[in-house]
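Residues per chain, in single letters:
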Amino acid sequence: MEGKTRGVVINGSLDNGNVSRVVKEVFEWGSSLLFAFSTCFFITIFVMFFTVSGDSMLPTLHDGDKLLVYKFMYAPKRGDIVTIDTNEQLGKNIIKRVIGLPGDTIKIDYDKHEVYVNGHLLKEDYINDPTALSGDGAILNNTVYLLPDGRICVLGDNRNHSMDSRFGKIGFVYVNKLYGSVFLRYWPMGDFRIF
């Protein structure tokens with residue numbers, strides 16, 4: 001028995017011969033624009049673009065590096081590289097490394113160039129040079145600080161050329177001032193890196 005199969009054709013409303021060519025084009029353009037706007041909307045919820053300005057994060061990041069920052073429901077972790085809203089204090093956004101979280105204790109010994117978190121010496125293979133700069137006294141030498149709820153301690157990797165929590169203008173940063181964590185350097189292409 002020889003069976004005859006026939007495909008099913010479903011005609012949409014735009015396949016109707018009575019629909020003008022103009023209406024079809026408007027629909028196609030409209031759906032393309034809707035897709036583009038939806039994509040942009042979701043990108044702005046999940047990520048932001050950031051360009052490094054200055055040398056405070058050497059050797060990890062360089063002036064002019066272009067980064068993607070993950071921001072959707074971001075919660076900081078020790079060691080994260082974060083972008084921070086400091087427009088009120090400095091008139092710009094900055095980028096630093098999270099050293100301490102709410103409830104942690106922080107101590108910096110500027111004489112020995114050591115940073116302690118919760119009483120443990122921090123192993124920092126990412127810094128440019130040992131921590132000697134004491135800032136303007138926001139974190140005093142050999143003084144233990146308990147980070148309050150909702151506040152973190154941030155330092156630049158280029159410790160002696162960074163304005164960070166050691167300066168009163170920044171101090172211990174409110175978590176709600178964080179944009180998010182750097183997860184990708186996409187420019188320059190030769191230095192592409194996932195963090």
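Just above sits the structure.
This section reports on the structure supplied with the text. (Residues numbered from 1 in each chain as written. Predicted model: local features only at pLDDT ≥ 70, side-chain atom pairs only at ≥ 80, totals over all residues. Heavy atoms only, no water.)

Things to note about the pairing of strand β11 (residues 178-187)
Here comes step 1: Where strand β2 (residues 66-70) lies against β11, five bridges are found, and the strand directions are antiparallel. By the bridge assignment, L67 is partnered in β11 with R185.
Here comes step 2: Bridge count for strand β3 (residues 81-86) against β11 is three bridges, and the pairing is antiparallel. Its bridge partner lying in β11, V82 is registered against S181.
Here comes step 3: In terms of strand pairing, β11 meets strand β12 (residues 193-194) through two bridges, oriented antiparallel. Looking across to β12, one finds that R185 is bridged to R193. (Pairing = 2+ DSSP bridges. Helix = DSSP H or I, 4+ residues; strand = E, 2+ residues; numbered from the N terminus.)

What to know about the nonpolar core
Here comes step 1: Counting residues in hydrophobic clusters, the biggest one holds 14 residues, and the most contacted among them are I99, I106, I108, I139, C153 and F172.
Here comes step 2: Contributions of two or more residues to this core are made by β5 (105-109), β6 (114-117) and β9 (151-155).
Here comes step 3: I84, L101, V173 and L178 belong to the second largest nonpolar core, which has eleven residues in total. (Core = buried A, V, L, I, M, F, W, Y, C linked by side-chain atoms within 4.5 Å. Buried < 20%, exposed > 50% of the residue type's maximum accessible area, 1.4 Å probe, protein only.)

Some details on the side chain of T83
Here comes step 1: Residue placement: T83 occurs in strand β3.
Here comes step 2: The exposure class assigned to T83 is buried, which follows from its relative accessible area of 0%.
Here comes step 3: The contact partners of T83, leaving out residues within four places of it in the chain, are M48, F50, V69, I94, I95, K177, L178, Y179 and G180. (Contact = heavy atoms within 4.5 Å.)

Some words on the packing of aromatic side chains
Here comes step 1: Applying the stated criterion to the full structure yields three aromatic pairs.
Here comes step 2: Between F46 and F72, the ring centres sit 4.6 Å apart and the planes meet at 50°, which makes this aromatic pair tilted. Here F72 lies in the loop between β2 and β3 and F46 lies in helix α1 (residues 21-46), a separation of 26 residues in the sequence.
Here comes step 3: For F72, a relative accessible area of 31% translates into the label partly exposed. (Phe/Tyr/Trp six-rings, centres within 6.5 Å; stacked < 30°, edge-to-face > 60°.)

Considerations on the side chain of D104
Here comes step 1: As for its placement among the helices and strands, D104 is situated in the loop between β4 (92-100) and β5.
Here comes step 2: A polar contact of 2.8 Å, which involves the side chain of D104, links it to the backbone nitrogen of L101.
Here comes step 3: Residues in contact with D104, not counting those within four places in the same chain, are R78, V117, N118, Y145, L146 and L147. (Polar contact = N/O pair within 3.5 Å; in protein donor to acceptor, adjacent residues only side chain to side chain.)

Let's talk about the sheet that holds strand β8 (residues 145-146)
Here comes step 1: Across the sheet, four strands lie side by side as β7-β6-β5-β8; this open sheet has antiparallel pairing. Edge positions in the sheet fall to β7 (120-121) and β8, since each has one partner strand and no second.
Here comes step 2: Where β5 meets β8, two bridges bridge the pair, whose relative direction is antiparallel. Paired with I106 across the bridge in β8 is Y145.

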